[in-house]
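Observations on the model geometry
Given next are the chains, with one letter for each unit.
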Amino acid sequence: MNASIAPGQLQPAPAAALRHATHVVENQAAPAAGFNAFDGDVVLKAALLRDAPWAARCASALGQLAGDAEVQELARLANKHVPELKTHDRYGSRIDWVDFHPAWHALMELAWKHEVHSLAWNAKGPHPHVARAVQSYLWNQVEHGVGCPTGMAYASYAGFQHEPALKIWADKVRGTGYEFSRREVAHKPAVVIGYAMTEKQGGSDLRQTQTTAAFSQSADYHGATAHWYELTGHKWFCSVPQSDGFFTLAKVQGGVTCFFLPRTLPDGSFNRFFIQRLKDKAGNRSNASSEIELAGTLAIRVGPEGGGIREILSHAHLTRLDFAVGSAGLMRQALTLALNHNGTRHGFGTPLAQQPMQANVLADMAVEVEAATLLALRVARATDAIGADAVETAFARVATPMAKFFNCSRAPAVAYEALQCHGGNGFVEENPMARIYREAPLNSVWEGTANMMCMDVRRAMRKDVSCRDALFADFASVAGQHPGFDGFVRHLPALRQGARGRDRRARAGDGKLRRPFDRLRANGLGRAAQGERPRLKVLSPARSALRPPRSPSHRAPPAW
């Protein structure tokens, strides 16, 4: 043990430069950066150029941000450094404010600058809702938390339009200069809007609202008469509590009524708006969601007393559309990351994307994403015709909850497959796939869960025959082009009739109504896809080997 070692037995010491060099990294995927998410998206670009070519420059500018490494880093930082509630300042004064990492404000500034929230209302050409949907689709490939305030600001314009006292808010919500401050609305270049509807005991059942409102006074508010009420109650889920103003519901003598609540009052004082806590959410980490108390809080009545549910539903169409669009955008980002990873990382001697089984997985995802994208844009196109075209109005009534249900339900499955394409590399926080995976289920529970959407479709079919007729007319417009599609459509009337009579069949009925619609969109057919058939060109070799997709949404139709 202690014997001396002969000089010949000694090994030479490694060179100093090599002592800690254990290996060279040769087979990691290239970063998914340096691309334009609009210019490189064949399906999206073709759809926009068909309906709203005037918006192509806006979309290209935002698409460049989605593929920019510095912007992607902002998204990572905003989700790593989550919002922090500040109930009091250092002197003990109640402030009820939220602190954010600078990355959040940088992202908000970019979103407002590129009119993600307002392009539909600032449009310079036809099909403004299609143009705005493309901006939202692209933004959901940048950062998802900011997609909440942009979507709410987009929908809020519908509530401001018809209330004279809120005209100033209608003007400001179209602004493009984001400002994080508590200045009164008249002094801000643009505003951020939140919604506070949900209560502990009710959830989606807004008729169970327990917050109460008592009339206070009628007074001039920025040149028009506003009817002010004092609100008392607790809201279980208030999105974006740092917003400049909020739509909410409260009961006036038992009738659920809609109100708009400014955070800062005309005299510059702060309204009585008490943030109790921020929600610790599974995803959507960059965005603050909260519980709030209202106690003597001043709010302006919107619409008649007792008409709150009807009033708020006029906004819900736009938020539901935005969730269908946003989920499609999230799916596209997941596909982009999967294609990049599998195209630049090798396994078993070839790029992963060239492995036959993996090529089929990527092709299945591409089909799903294309279908979701075109479906969302088809509903946006119908939204552009609401009030001007009776058939399209009826179509939008039934297709919007259908698209919200199906796109939001498919997003988690696509995110899961994309995560599988990355393996363990996708399950670490440095990779945006981890954030997408957590984010994917959220849109399905905001603004009504899957069952709520299916009940809404069933209700529309039962109450208004024109909704059914409009939907089936859209299917009939492409009859005879594919026997599988025609077979689905032939079975739908019986299924629809069964769903009308039994509530428990509503979900299956909505899903199968959506399936031919999905295939119609995926094949570039129907009114929304006139002209050259758009395709994803990123997977043309894989398509030749495409086998029937394994997901439940694409199973063969049952025999009735």
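The model shown is predicted, which means the values in this text are computed figures rather than measured ones.

As a further point, take the nonpolar core. With 149 residues, the main nonpolar core has Leu 48, Trp 139, Phe 160, Trp 169, Ile 193 and Phe 247 as its most contacted residues. For this core, the leading source of residues is helix α8 (residues 308-344), giving 15 residues. Residues contacting Phe 160, with those up to four places away along its chain left out, are Leu 166, Trp 169, Ala 170, Val 173, Ile 193, Phe 247 and Phe 260.

Per-residue confidence for the protein averages 88 on the pLDDT scale, and 85% of its residues sit at or above 70. Between residues 520-560, whose pLDDT stays under 50, and residues either more than four places distant or in other chains, the model counts 100 contacts.

Further remarks concern the environment of Ala 376. Residue position: Ala 376 is located in helix α9 (residues 356-384). Between the alpha carbons of Ala 376 and Thr 400 there is a distance of 8.3 Å; along the sequence they are 24 residues apart. Excluding its chain neighbours within four sequence positions, the residues that come into contact with Ala 376 are Leu 321, Ala 324, Val 325 and Asn 407.

Extensive coverage of strand β7 (residues 255-262) is indicated by the burial of 8 of its 8 residues. Side chains Gly 255, Thr 257, Phe 259 and Leu 261 of β7 all project onto a buried face; the interleaved residues Val 256, Cys 258, Phe 260 and Pro 262 project onto the opposite face, where all are buried too. Here strand β6 (residues 245-252) runs beside β7; their pairing, made up of 8 bridges, is antiparallel. Bridged to Phe 246 within β7 is Leu 261. Connecting β6 to the antiparallel partner β7 that follows it, the hairpin turn spans 2 residues, and Gln 253 within it adopts a positive phi of roughly 50°. Pairing of β7 with strand β9 (residues 289-302) involves 3 bridges; the strand directions are antiparallel. Paired with Phe 259 across the two strands is Arg 301, which belongs to β9.

Counting across every chain of the model gives 20 aromatic pairs. Measuring from ring centre to ring centre gives 5.1 Å for Tyr 229 and Phe 259, while their planes differ by 65°; the resulting arrangement is edge-to-face. With Tyr 229 in strand β5 (residues 224-239) and Phe 259 in strand β7, this pair connects stretches of sequence that are 30 residues apart. The same class applies to Tyr 229 as to Phe 259, namely buried.

Now for helix α6 (residues 147-161). In a regular helix each residue adds 1.5 Å, so 15 residues correspond to 21 Å; α6 covers 22 Å between its end C-alpha atoms and thus fits that length. The axis of α6 is deflected most strongly, by about 25°, at Ala 155. For α6, the buried fraction is high: 14 of the 15 residues fall into the buried class.

Now for the side chain of His 144. Within the element layout of this structure, His 144 appears in the loop between α5 (128-139) and α6. The buried category is assigned to His 144, whose relative accessible area is 5%. Here Asn 140 takes part through its backbone oxygen, which lies 2.9 Å from a polar atom of the side chain of His 144. Setting aside its immediate chain neighbours within four residues, His 144 contacts Asn 284, Leu 330, Gln 333, Ile 436 and Glu 439.

Let's shift gears to the pattern of salt bridges. Where charged atoms of side chains with opposite charge meet at close range, the side chains can pair. As enumerated under the stated definition, the model contains 21 salt bridges in all. Residue Asp 96 is joined to Arg 94 by a salt bridge in which the shortest nitrogen-to-oxygen separation is 2.9 Å. Of the charged contacts, one joins Lys 167 and Asp 171 as a salt bridge, the two residues approaching to 3.0 Å between their closest N and O atoms. Of this pair, Lys 167 and Asp 171 both sit in helix α7 (residues 167-172), separated by 4 residues, roughly a single helical turn. Since its relative accessible area comes to 51%, Lys 167 is described here as exposed. Through salt bridges with shared partners, a single ionic network connects Arg 320, Arg 397, Asp 456 and Arg 459.

What follows covers the side chain of Arg 182. Relative to the elements of secondary structure, Arg 182 occurs in the loop between α7 and β3 (193-198). One polar contact links the side chain of Arg 182 to the main-chain carbonyl oxygen of Ile 95, over a distance of 2.5 Å. With residues up to four places along the chain from it excluded, the contact list for Arg 182 reads Ile 95, Asp 96, Trp 97, Arg 263, Thr 264 and Phe 270.

Thresholds, definitions, all that
- Residues numbered from 1 in each chain as written.
- Predicted model: local features only at pLDDT ≥ 70, side-chain atom pairs only at ≥ 80, totals over all residues.
- Heavy atoms only, no water.
- Core = buried A, V, L, I, M, F, W, Y, C linked by side-chain atoms within 4.5 Å.
- Buried < 20%, exposed > 50% of the residue type's maximum accessible area, 1.4 Å probe, protein only.
- Helix = DSSP H or I, 4+ residues; strand = E, 2+ residues; numbered from the N terminus.
- Contact = heavy atoms within 4.5 Å.
- pLDDT = per-residue confidence, 0-100.
- Pairing = 2+ DSSP bridges.
- Phe/Tyr/Trp six-rings, centres within 6.5 Å; stacked < 30°, edge-to-face > 60°.
- Expected span 1.5 Å × (residues − 1).
- Bend = angle between axes of the 7 residues up to and from the residue.
- Polar contact = N/O pair within 3.5 Å; in protein donor to acceptor, adjacent residues only side chain to side chain.
- Salt bridge = Lys/Arg side-chain N within 4 Å of Asp/Glu carboxyl O.

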